[in-house]
Amino acid sequence: MRRAVCPGSFDPVTNGHLDIIGRASTLFDEVIVAVGVNKSKSRLFTAQERLDMLREATSEFDNVTVDGFTGLLTTFCAENDVQAIVKGLRAVSDFDYELQMAQMNSSLTDIETVFVPTSPEWSFLASSLVKEVAAFGGDVSGLIPDFVLAPLTQRLAERAAADPG
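Not measured: the values here are computed from a predicted model.

(A) View of helix H2 (residues 47–57). Taken together, the buried positions of H2 are occupied by Arg50, Leu51, Met53, Leu54 and Ala57. Axial view of H2: buried residues confined to an arc of 165°, hence all on one face. Elements that come into contact with the buried residues of H2 comprise helix H1 (15–27), strand S2 (30–36), strand S3 (64–69) and helix H6 (146–162).

(B) Geometry of the nonpolar core. Residues Ile21, Leu54, Val86 and Leu152 are the most contacted members of the largest nonpolar core, which totals 34 residues. If you list the elements that add at least two residues to this core, you get strand S1 (3–8), H1, S2, H2, S3, strand S4 (84–89), helix H5 (127–135) and H6. Among the nonpolar cores identified, the runner-up in size contains ten residues, and Val5, Leu73, Phe76 and Ile85 belong to it.

(C) Region of interest: the sheet that holds S2. Strand order across the open sheet formed by five strands is S3-S2-S1-S4-S5, with parallel pairing between neighbours. Here the strands that pair on one side only, and so sit at the sheet edges, are S3 and strand S5 (112–117). Pairs of neighbouring strands in the sheet enclose a mean axial angle of 30°, with direction left out of account. Direction of pairing for S4 relative to S5: parallel, over a ladder of six bridges. When the sheet's bridge partners are listed, Gly88 is paired in S5 with Val116.

(D) Region of interest: the environment of Gln103. Structurally, Gln103 is set in helix H4 (residues 92–108). Spatially, the C-alpha atoms of Gln103 and Thr113 are 8.6 Å apart, while their sequence positions differ by ten residues.

(E) Structural context of H6. When the terminal C-alpha atoms of H6 are compared, their 26 Å separation across 17 residues agrees well with the 24 Å that a helix rising 1.5 Å per residue should span. Of all the positions in H6, only Val148, Leu152 and Leu156 are classed as buried. Each buried residue of H6 sits inside an arc of 55° when the element is viewed along its axis, so together they form one side. Pointing more than 90 degrees away from the buried face of H6 are the exposed residues Ala150, Ala161 and Ala162.

(F) Just the layout of surface pockets, in detail. Considered as a void within the structure, the largest pocket measures approximately 1,300 Å³ in volume. Along the walls of the largest pocket sit 45 residues, with Pro7, Gly8, Ser9, Lys87 and Glu98 positioned nearest its centre. Residue classes in the lining of the largest pocket are distributed as 20 nonpolar, 17 polar and eight charged.

(G) Looking closely at the packing of aromatic side chains. Applying the stated criterion across every chain, the model contains two aromatic pairs. Arranged with centres 5.5 Å apart and planes meeting at 40°, the rings of Phe69 and Phe76 form a pair that is tilted. By relative accessible area, Phe76 is classed as buried at 5%. When the ring of Phe95 is compared with that of Phe115, the centres are 5.6 Å apart and the planes differ by 70°; the resulting orientation is edge-to-face. With Phe95 in helix H4 and Phe115 in strand S5, the pair connects residues that are 20 residues apart, well separated along the chain. For Phe95, a relative accessible area of 34% puts it in the partly exposed group.

(H) View of the packing of H2 against H6. Close contact between H2 and H6 brings their axes to 10 Å; oriented N to C, the two are set at 160°. If you check the angle between H2 and H6, you find them roughly antiparallel. As H2 packs across H6, the resulting crossing turns out to be left-handed. For the pair H2 and H6, the contacting residues are Glu49, Met53, Glu56 and Ala57 in the first and Phe147, Val148, Pro151 and Arg155 in the second.

Reading the values: the criteria
Residues numbered from 1 in each chain as written. Predicted model: local features only at pLDDT ≥ 70, side-chain atom pairs only at ≥ 80, totals over all residues. Heavy atoms only, no water. Buried < 20%, exposed > 50% of the residue type's maximum accessible area, 1.4 Å probe, protein only. Helix = DSSP H or I, 4+ residues; strand = E, 2+ residues; numbered from the N terminus. Arc of directions from axis to C-beta. Contact = heavy atoms within 4.5 Å. Core = buried A, V, L, I, M, F, W, Y, C linked by side-chain atoms within 4.5 Å. Pairing = 2+ DSSP bridges. Axes fitted to C-alpha atoms, helices over the stretch in contact; angles between N-to-C directions. Expected span 1.5 Å × (residues − 1). 1 Å grid on protein atoms, 1.4 Å probe; cavity = no way out; pocket = protein on both sides within 12 Å on 5 of 7 lines; lining within 4 Å. Points joined across faces, edges and corners; volume = space filled by probe spheres on them. Nonpolar A, V, L, I, M, F, W, Y, C, P; charged D, E, K, R; others polar. Phe/Tyr/Trp six-rings, centres within 6.5 Å; stacked < 30°, edge-to-face > 60°. Parallel < 35°, antiparallel > 145°, perpendicular 65-115°, else oblique. Left-handed = near helix turned anticlockwise from the far one by under 90°.

This is the structure in structure tokens:
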């Protein structure tokens, strides 16, 4: 069985993420969407919220599961019999960073990294940009799954109310 992982923070999940996950699901027998859980990093959504959103967002893919991980991705891959890491590339700048990560990962364990170019319609899309645009009242409804919009708007409003400064 060919098993791959699509890792990320997914804070929040975007249509660009789903593009890569969906395409990976056609290339591999099983795809695990691995949500990085790093307690030292400040996220808009909790790890459990991100896991739940991804489970709903990927429910149409029969061969996709969602799991969280802490520590090294390569350890997660070894523990879950994963042969490949799938990474979406939006631009050359992504490649520079991701190539270095791929080489580091392959030096730690026997794992391949598969780069999938993002579809042109999502090439500009990043969770950080979605959050920034939404925080200033911009319409991000076409960039994220429909069910993510209300929690995103609510969480950003809560943060703005807590820190009006």
